[in-house]
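# What the coordinates show
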Amino acid sequence: MSQKKLAFVFPPFASDYPDDPFNNLTGFDDCFRKYLSRAAEFADPDLINFEIPIKTYLDDELKTQYISYIQACSLVSWFRQKEIIPAYCAGYSMGIYAALFQAEVISFLDGLVLIRQAFNEIKKVTKKQDFGMCIIIGLNMDDMNEMISREKLNLKVAIQNSVCSFSISGTAEDILKITEYAQKEGALSTRVLNVSIPYHSFFLQDTETGFTEFVNQMQFRSPKMPIISLVDQEILLEEHALKNEVVRNLFTSLNWYKTQLYLQELGVTRFVECGSGRGIVKNARFIEGDTVTLTANSFTAFLDKK
Amino acid sequence: MALITENTKKEVTDIVFNFFADECEVDIKDIHNDTNIINDIDGDSLMFLELIEIFKKKYNLDIELKTIGKYSVKHPVQTIGQLIDMQLLIIEHENKLLELDH
């Protein structure tokens, strides 16, 4: 059964794990353990000890990325077994690698390789300074840019999530400052993220050469379904475009708000967040349009009722 | 400025109670005016924002989010009752909300 007008969205790494995020997915745990075991053999033996809520690696950015990717790929596999294939897919932030797996552009193990290499390239260019990220909700893009410019902050809007929600990247010192300024400016919510990397900003521009060389050595297959770019909302079909997206994803600002609207224009009426969290589901409430965004767990419950 | 009637108060109260019962997956009977939104029912700031959007649409309100944000700094909301009171003030005063502090 091909689910037209259905899009799978792959979230970035988790900042928290709910207790039982996949309890409606019969047999999912076996599927996840299989992928986890392969990842532990290939990438990091410690991964095999992952266990919600006992050991989640939330303070280890690389392992957290691995786990989110493994969960996403397990979901892809589980849904494939049920013959549920989306019409489109997109990777929010570091979810790009799982989107490539969904579209069968790369293998599961190649995704792990890309995650590790990207992380290594990033570490090379960020070791001299402390960086961070935060989320600011309740101000608009003009407010954000005006505040960054006025206060001469070494920051960049990394992701626009909706008209009033932004992820900001930059130096750790200025990340703290902007949360204070934003509250005075009238932001309804500010939160410093538990990351030390200024993703999707020019601070990572120097990863371009090394990561391009690495990515160009890898084999990318033609996608089995359209992947939508969060950088410019183009449909990625060619190998060159897909590789370019993987590279620029690290240092170019993303726009999830425009991406979700564009997917609506393409006829998508249902979005499924393929991860353990609910960040994309929550954010969807602030994106106009007559669509439904569900967690994988809720989506499965919805299908079971039909 | 909108006139706040008993009917408006009841409508706002019903919407807020039903919203949190649904979002936080708790029985509506367990929600009271002194229920702490974050500590008691695991609510978050996005829910507050969503409620604002619901009321903006329902009452066709002219208010900027940052006006509410600035007001919230001086008048933080912790309980359901405080949230209902603030929503009523937003409906009543819209973008003139901050003038209440002058």
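Everything quoted here is computed from the prediction, not taken from an experiment.

Turning our attention to the interface of chain B and chain A. Listed per partner, the contact involves 14 residues of chain B and 14 residues of chain A. Broken down by class, the residue content of the side of chain B that touches chain A amounts to six nonpolar, four polar and four charged.

Residues and elements named next belong to chain A. Its domain assignment divides chain A into domain 1 (2-126 + 201-305) and domain 2 (131-192). Computed over C-alpha atoms, the centres of domain 1 and domain 2 are 25 Å apart. Contacts between domain 1 and domain 2 engage 13 residues on the former and 13 residues on the latter. Secondary structure elements with two or more residues in the side of domain 1 that touches domain 2: strand E9 (254-255) and helix H9 (256-265). Taken together, the residues of the side of domain 1 that touches domain 2 sort by class into seven nonpolar, six polar and no charged.

A few words now on the sheet that holds E9(A). All names here are of chain A. Here five strands make up an open sheet; going across it, the order is E6-E3-E5-E4-E9 and the pairing mixed. Either end of the sheet is taken by a strand with one partner, and the two such strands are strand E6 (189-192) and E9. Of the strand pairs in this sheet, strand E3 (residues 131-137) and strand E5 (residues 165-171) are connected by seven bridges, and their pairing is antiparallel. Bridge pairing in E5 links Gly 132 to Gly 170.

Right, let's get into the packing of helix H2 (residues 61-81) of chain A against helix H4 (residues 108-126) of chain A. Residues and elements named next belong to chain A. Two elements in contact, H2 and H4, have axes separated by 10 Å at closest approach and are oriented at 155°. When the axis of H2 is compared with that of H4, the two are roughly antiparallel. Handedness of the H2/H4 crossing: right-handed. Along its contact with H2, which presents Leu 62, Gln 65, Tyr 66, Tyr 69 and Cys 73, the element H4 presents Phe 108, Gly 111, Leu 112, Ile 115 and Phe 119. Along the lines of polarity and charge, the residues of the contact of H2 with H4 split into eight nonpolar, two polar and no charged.

This next bit is on unusual backbone geometry. Residues and elements named next belong to chain A. For the peptide bond that leads from Ile 52 to Pro 53, omega is -5°, which places it in the cis range. The residue Pro 53 is located in the loop between helix H1 (28-42) and H2 in this model. Its identity as a non-glycine residue notwithstanding, Glu 104 has a phi of 60°, on the positive side. Along the chain, Glu 104 turns up in the loop between helix H3 (96-102) and H4. Given 14 C-beta atoms within a 10 Å radius, Glu 104 is considered partly exposed.

Parameters and conventions
Residues numbered from 1 in each chain as written. Chains lettered and ligands numbered in written order. Predicted model: local features only at pLDDT ≥ 70, side-chain atom pairs only at ≥ 80, totals over all residues. Contact = placed C-beta atoms within 7 Å. Nonpolar A, V, L, I, M, F, W, Y, C, P; charged D, E, K, R; others polar. Domains from an automatic or database assignment. Helix = DSSP H or I, 4+ residues; strand = E, 2+ residues; numbered from the N terminus. Pairing = 2+ DSSP bridges. Axes fitted to C-alpha atoms, helices over the stretch in contact; angles between N-to-C directions. Parallel < 35°, antiparallel > 145°, perpendicular 65-115°, else oblique. Left-handed = near helix turned anticlockwise from the far one by under 90°. Buried ≥ 20, exposed ≤ 12 C-beta atoms within 10 Å, placed from the backbone.

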